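Overview (structure and organization)
Residues per chain, in single letters:
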Amino acid sequence: MKILVTGGAGFIGSNVVDTYIAAGHKVVILDNLSTGSLSNIPDGVTFYPVSIESKDMDTIIKIEKPDIVNHHAAQKSVPASVENPLYDLHQNAEGFLNLLESSVRHGVRKVIFASSGGALAGDAPIIPTDETYVPRMISPYAIHKYLGEQYLHFYAVTYGLKYTVLRYANVYGPRQVPDGESGVIPIFITRLLADQPCTLYAYADQPDGTTRDYVYVSDVCRANLQALTHGDNEAFNIGSGTEISTSAVYQLIADLLEKRSIPLNRAGERKGDVKRSVLDIRKAAEKLDWRPNISLQEGLKRTLEWQQQFLS
Ligand SMILES: NC(=O)c1ccc[n+]([C@@H]2O[C@H](COP(=O)([O-])OP(=O)(O)OC[C@H]3O[C@@H](n4cnc5c(N)ncnc54)[C@H](O)[C@@H]3O)[C@@H](O)[C@H]2O)c1
C-alpha cells in the first residue's frame, strides 16, 4: 500500500514510518518540522516539509494519491493547549479537517488517526477506562482530539472514507525528546543523566503524583500496522492496561541509572493534567488482534540505551 504519514519526522510518526517500510509498504512523509527532525527521516523516502493546514498539502495528496493517510502531525502538549487553546484548535482540529477534505477529494481509502486515550478519559470515574466512556474533557488538546474523531465519523457516514482511531496512552521510547512540558520519561532521563533534580507535580490526596499508563513505541507501531487491515470505523485504546504513579516511574529510572541520591522536588498540580489514567485495552485485543509486548522495565532499558547513545 502507499501510505502518507503526517508527522513522520516526529517521535511516534517516524517509528511508524520505519515499521511500514519494514512491512514492504511505500511511504511518503509530510511534516512541517515544528518539533520533528530531519534526522528521523529514512534515506530514500519522499519527504514534503509542509504544514497540514497549508494549500500545498492538497497538491501533495493529489500528486501522491496515497491509499492510506496515517495522521500523526499535531501540537502534542496538553499544557500548551491550556495556555493557547486557539493555536491548538488551528493545528489539531482545523489542520486535520483540511487533511480530511483533501483525503476525500483525492480518493484516499482510509485515515488512521493518532488520538489520546489518556486525555479523552479525563477524570473518568471508571478505571481502567474503555472506549464506551463518553469523554468529559479537561483540556483543549483533548477537546480537539475528540473533535477530530467526530469529523472522522462524519466523513465515513457522508463520503465513505474509512478510519481507525488509535487512542494512545502515554507513549515512550527511542526518538522521544523532552520538550520541557510533556514526555515525562525523556524529561526524567535527561535531567538525571545531567545530575539535575526532577520535579514531581502532585496532589495533596495523591502524593505520588498523577498516575498513567505507559506503552512502548514499538507496540504502538504494531497497532498502526494492524489498523491498515483491521478495525474500520472504530476507536481503540492502545496502552498497557497498567496504572503506575509518576513517582514510581521516576524511581524505576533513577534505579536503572543508579541516581537514587538525587533529590526529587515536589510541586502542586498542573492545570489540564488528568489525575489518574489507565486504559482498558481489551477491545484492541479482540478486534485489532493487538496486545502490548514490551514491559515498562524492558521499554525503559531500551529507551535509556537509545538516549545514552543519542546524547553521547
Ligand atoms: N507521545 C504521546 O504519548 C502521545 C499520546 C497520545 C497521542 N499522541 C499523538 O501522537 C501524535 C504524535 O505525537 P509525538 O509524541 O510523536 O509528537 P512529535 O511532536 O514528536 O510529532 C509530531 C510531528 O508532527 C509535526 N507537526 C506538528 N504540527 C504540524 C503541522 N501543522 N503540519 C505538519 N506537521 C506538523 C512535527 O514537526 C512532528 O514531527 C500526535 O498527534 C500526538 O497528539 C501522542
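Procedures and definitions
What you see as residue numbers is a count from 1 along each chain, following the sequence as written. Totals for whole chains, interfaces and linings use all residues, but because this is a predicted model, local features are given only for residues with pLDDT of at least 70 and pairs of side-chain atoms are given and counted only at 80 or more. Neither water nor hydrogens contribute to the side-chain values; these are computed over all heavy atoms in the structure. Being near a molecule or strand, for a residue, means having at least one of its heavy atoms within 4 Å of it. For the purposes of these results, a polar contact is taken to be a pair of N or O atoms within 3.5 Å, where, inside protein, one atom must be able to donate a hydrogen and its partner to accept one; residues adjacent in sequence count only when each atom of the pair is a side-chain atom. The protein chains shown are the only cover counted for residues, whose accessible areas, like all others here, come from Shrake-Rupley with a 1.4 Å probe. A run of H or I in DSSP counts as a helix once it spans at least four residues, and a run of E counts as a strand once it spans at least two, with each numbered from the N terminus. Each residue is assigned to one of three groups, with Ala, Val, Leu, Ile, Met, Phe, Trp, Tyr, Cys and Pro labelled nonpolar, Asp, Glu, Lys and Arg labelled charged, and all others, Gly among them, labelled polar. Residue ranges for the domains originate in an automatic or database domain assignment. Note on definitions: a residue-residue contact is assigned when non-hydrogen atoms from the two residues lie within 4.5 Å. Each of two parts loses accessible area, computed with a 1.4 Å probe, when they are put together; buried area is these two losses added. Just to be clear on terms, a salt bridge is a Lys or Arg side-chain nitrogen sitting within 4 Å of an Asp or Glu carboxyl oxygen. Definition of nonpolar core: a set of buried residues of the types Ala, Val, Leu, Ile, Met, Phe, Trp, Tyr and Cys, connected through side-chain atoms within 4.5 Å. Think of it in three bands: residues with accessible area under 20% of the maximum for their type are buried, residues over 50% are exposed, and the middle band is partly exposed, with areas taken using a 1.4 Å probe on protein chains only.

**Focus: the site of the ligand**
The full set close to the ligand counts 29 residues, and Ile-12, Asp-31, Thr-35, Tyr-141 and Val-171 are the nearest of them. Between the ligand and His-72, the relevant distance is 3.2 Å, taken from an oxygen atom to a main-chain nitrogen or oxygen of the residue. At 2.6 Å from an oxygen atom of the ligand is found a side-chain nitrogen or oxygen belonging to Tyr-141. When the ligand is considered free in solution it has 820 Å² of accessible area, and contact with the protein chains removes 95% of it. Secondary structure elements with two or more residues in the shell around the ligand: helix H1 (11-22), strand S5 (110-116), helix H6 (140-159) and strand S7 (170-172). Of all the elements, S5 adds the most residues to the shell around the ligand, at three residues. Considering only residue class, the shell around the ligand consists of 13 nonpolar, 12 polar and four charged.

**A short note on the domain arrangement of the protein**
Here the domain parsing of the protein yields domain 1 (2-169 + 216-239 + 279-293) and domain 2 (184-211 + 243-277 + 299-311). If you average the C-alpha positions of domain 1 and of domain 2, the two centres end up 27 Å apart. At the junction of the two partners, domain 1 supplies 10 residues and domain 2 supplies 12 residues. Interface area, domain 1 with domain 2, both sides summed: about 890 Å², of which 63% is carbon and sulfur. Area buried by domain 1 at its contact with domain 2 is led by Ile-127, Ile-138 and Tyr-216, which between them contribute 47% of it. Across the contact surface, domain 1 and domain 2 share zero salt bridges. The interface formed by domain 1 and domain 2 holds one residue pair in polar contact (both at pLDDT 80 or more) in total. Top element by residues in the side of domain 1 that touches domain 2 is helix H3 (residues 78-83). It accounts for three residues. Of the residues in the side of domain 1 that touches domain 2, the class split is six nonpolar, three polar and one charged.

**Quick word on the nonpolar core**
Tyr-20, Leu-166, Tyr-168, Val-171 and Ile-238 are the most contacted members of the largest nonpolar core, which has 33 residues in total. Of all the elements in the fold, those that place two or more residues in this core are strand S1 (2-6), H1, strand S2 (26-30), S5, strand S6 (162-168), helix H8 (217-226), strand S11 (234-238) and helix H10 (282-288). A total of five residues in this core trace back to one element, the largest contributor, which is H1. Filtering out sequence-adjacent residues up to four positions away, Ile-238 remains in contact with Leu-166, Arg-167, Tyr-168, Ala-169, Val-215, Val-220, Ala-223, Leu-279, Ile-281, Ala-284, Leu-288 and Trp-290. Counting 24 residues, the second-largest nonpolar core is a separate cluster that includes Leu-4, Ile-52, Phe-96 and Ala-235.

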